[in-house]
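As a plain string of letters, each chain reads:
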Amino acid sequence: MEFLKKLFGARKPQIEDKKVPVSSQSRELTPEEQQSIEALVADLHSKDKDVRDAAVGKLEQMDAVILGAASQLFVEPLVVAARWGHNYNDDASRTAVRVLVKTGKSAVQPLLKLMEDDNYRSVHLACIALAKMGDSTYAPDARAKLGSYVKQVHDEWKARHTITGMVEIGDEYVVDFLMLDVLKTHPNESVRASAAMALGQRGDKRAIPALRKALQDPSWQNVRPAAKWALNKLE
């Protein structure tokens, strides 16, 4: 329970809500652009954090059209480089998400592929990036993918961190999913507790009846205190 309080209670917005120019065009890279991207990808694989962070920063400075054209080259190594941090308040992680959002629709399929990754940090970062993109043409597929992941994953850490990422989406689908599919039916009590606290963090008062019912959850150590915490945030 203390872990969850730290995760949600003192949690600052992890990724800024400022508008990011998104690539809507596509073209082939020039030889010079290809060479620059390949050099940055090599730096993303470096064991030196400063080198990785510098590469992430240089990608952010690139034009959105170039990023869109190069997405197949850098999206996966960018996420892998960004996940090395201990948390997602890390500057490199925030910058990486801005790069992914700026890259636009061409980053979606690589990000959805990363939802299958064994590393929960990759799942979380991909989740936040997809949420920040918010394009109605693929957002439903992304939400469905995230929901399926939470329901099926057996590793509670992965499920928890995916839920915290889902909070970033902030639409009715996510609130309904957390209330109806996770808080009520998920077999893992820590995941149910995460759902309760995520609902409190979201601030949607539609969750109040479900949270009140969760006060009777069999898990008196995890779910009930989490539901009480969430209700205190909402009422």
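Remarks on the confidence of the model for the chain
The share of residues in the chain with pLDDT of 70 or more is 79%, and the mean pLDDT across the chain is 79. Across residues 9-20, where pLDDT falls below 50, the model places 28 contacts with residues more than four positions away in sequence or in other chains.

So, the nonpolar core
Counting 71 residues, the largest nonpolar core has Leu59, Leu111 and Leu211 as the members making the most contacts within it. Among the elements that take part in this core, helix H4 (residues 64-82) stands out by supplying nine residues, more than any other. Leucine 111 has contacts with Val75, Val79, Leu100, Ala126, Ala129, Leu130 and Met133, leaving out every residue within four places of it along the chain.

Let's talk about the pattern of salt bridges
Scanning the entire structure with this criterion turns up six salt bridges. Aspartate 53 is paired through a salt bridge with lysine 49; the nearest N and O atoms lie 2.6 Å apart. Taken together, the positions of aspartate 53 and lysine 49, both in helix H3 (residues 49-61) and four residues apart, correspond to about one turn of that helix. A salt bridge links arginine 206 to aspartate 176; its shortest N-O distance comes to 2.9 Å. Taken together, the residues arginine 206 in the loop between helix H11 (189-202) and helix H12 (208-214) and aspartate 176 in helix H10 (residues 172-183) connect sequence positions 30 residues apart. The class of aspartate 176 is partly exposed, set by a relative accessible area of 27%.

Details of helix H5 (residues 91-103)
For H5, spanning 13 residues, the distance from its first C-alpha to its last is 18 Å, which sits close to the expected 18 Å at 1.5 Å a residue. Residues Ala92, Ser93, Thr95, Ala96, Val97, Arg98, Val99, Leu100, Val101, Lys102 and Thr103 constitute the buried set of H5. Following H5 by one or two positions, glycine 104 adopts a phi angle in the positive range, close to 85°.

With respect to the environment of valine 80
Residue position: valine 80 is located in helix H4. Spatially, the C-alpha atoms of valine 80 and leucine 125 are 9.5 Å apart, while their sequence positions differ by 45 residues.

Some points on the packing of H4 against H5
At a minimum axis distance of 9 Å, the contact between H4 and H5 shows a crossing angle of 150°. When the interaxial angle is binned, H4 and H5 end up roughly antiparallel. Seen from above, H4 lies across H5 with left-handed handedness. Counting all contacts with H4, which are made through Ala64, Leu67, Gly68, Ser71, Phe74, Val75, Leu78, Val79 and Ala82, the residues of H5 involved are Ala92, Ser93, Ala96, Val99, Leu100, Lys102 and Thr103. Residue composition of the contact of H4 with H5, grouped by class: 11 nonpolar, four polar and one charged.

Focus: H3
With 13 residues, H3 extends 19 Å between its outermost C-alpha atoms, agreeing within 8% with the 18 Å of an ideal straight helix rising 1.5 Å per residue. Along H3, the positions that sit buried rather than exposed are Arg52, Ala55, Val56 and Leu59. Down the axis of H3, the sector holding all buried residues measures 100°, keeping them to one side. Opposite the buried face of H3, by more than 90 degrees, sit the exposed residues Asp50 and Gln61. Near the N-terminus of H3, the side chain that reaches the backbone nitrogen of aspartate 50, with its oxygen 2.8 Å away, is that of aspartate 48.

Remarks on the packing of H10 against H11
Closest axis-to-axis distance for the H10/H11 pair is 10 Å, and the angle between their directions is 155°. Considering the angle they form, H10 stands roughly antiparallel to H11. Along this stretch, H10 crosses H11, giving a crossing that reads as left-handed. Where H10 approaches H11, its residues Val175, Leu178, Met179, Val182 and Leu183 are matched on the opposing element by Val191, Arg192, Ala195, Ala196, Ala198 and Leu199. Residues of the contact of H10 with H11, tallied by class, amount to 10 nonpolar, no polar and one charged.

Calculation rules
Counting starts from 1 at the beginning of each chain's written sequence and moves along it residue by residue. Since the coordinates come from a predicted model, pLDDT governs what is reported: local features require at least 70, and pairs of side-chain atoms require 80 or more to be given and counted, while whole-chain, interface and lining totals use all residues. Heavy atoms throughout the structure, all of them, feed into the side-chain values; hydrogens and water do not. Confidence scores labelled pLDDT are given residue by residue by the predictor and lie between 0 and 100. Between two residues, a contact is recorded if the distance between any of their heavy atoms is within 4.5 Å. As used in this record, nonpolar core signifies buried Ala, Val, Leu, Ile, Met, Phe, Trp, Tyr and Cys residues forming a set joined through side-chain atoms within 4.5 Å. Note on exposure labels: buried denotes an accessible area under 20% of the residue type's maximum, exposed denotes more than 50%, and partly exposed covers the range between, all computed with a 1.4 Å probe on protein chains only. The secondary structure listing takes helices from DSSP runs of H or I that are at least 4 residues long and strands from runs of E that are at least 2 residues long, numbered from the N terminus. By convention in these notes, a salt bridge is any Lys or Arg side-chain nitrogen within 4 Å of a carboxyl oxygen on Asp or Glu. In this scheme, a helix's expected span is set at 1.5 Å multiplied by one less than its residue total. Convention adopted: a line fitted to C-alpha atoms gives each axis, helices being fitted over their contacting stretch, and angles between N-to-C directions are expressed from 0 to 180 degrees. Should an angle fall under 35 degrees it is called roughly parallel, over 145 degrees roughly antiparallel, and 65 to 115 degrees roughly perpendicular, with every other angle called oblique. In a left-handed crossing the near helix is turned counterclockwise from the far helix by less than a right angle, and in a right-handed crossing that turn is clockwise. Three categories are distinguished: nonpolar for Ala, Val, Leu, Ile, Met, Phe, Trp, Tyr, Cys and Pro, charged for Asp, Glu, Lys and Arg, and polar for the others, with Gly belonging to the last. Working note: the arc is built from the helix axis to C-beta atom directions. By the criterion applied in these results, polar contacts are pairs of N or O atoms within 3.5 Å in which, for protein atoms, one can donate a hydrogen and the other can accept it, and in which residues neighboring in sequence qualify only through two side-chain atoms.

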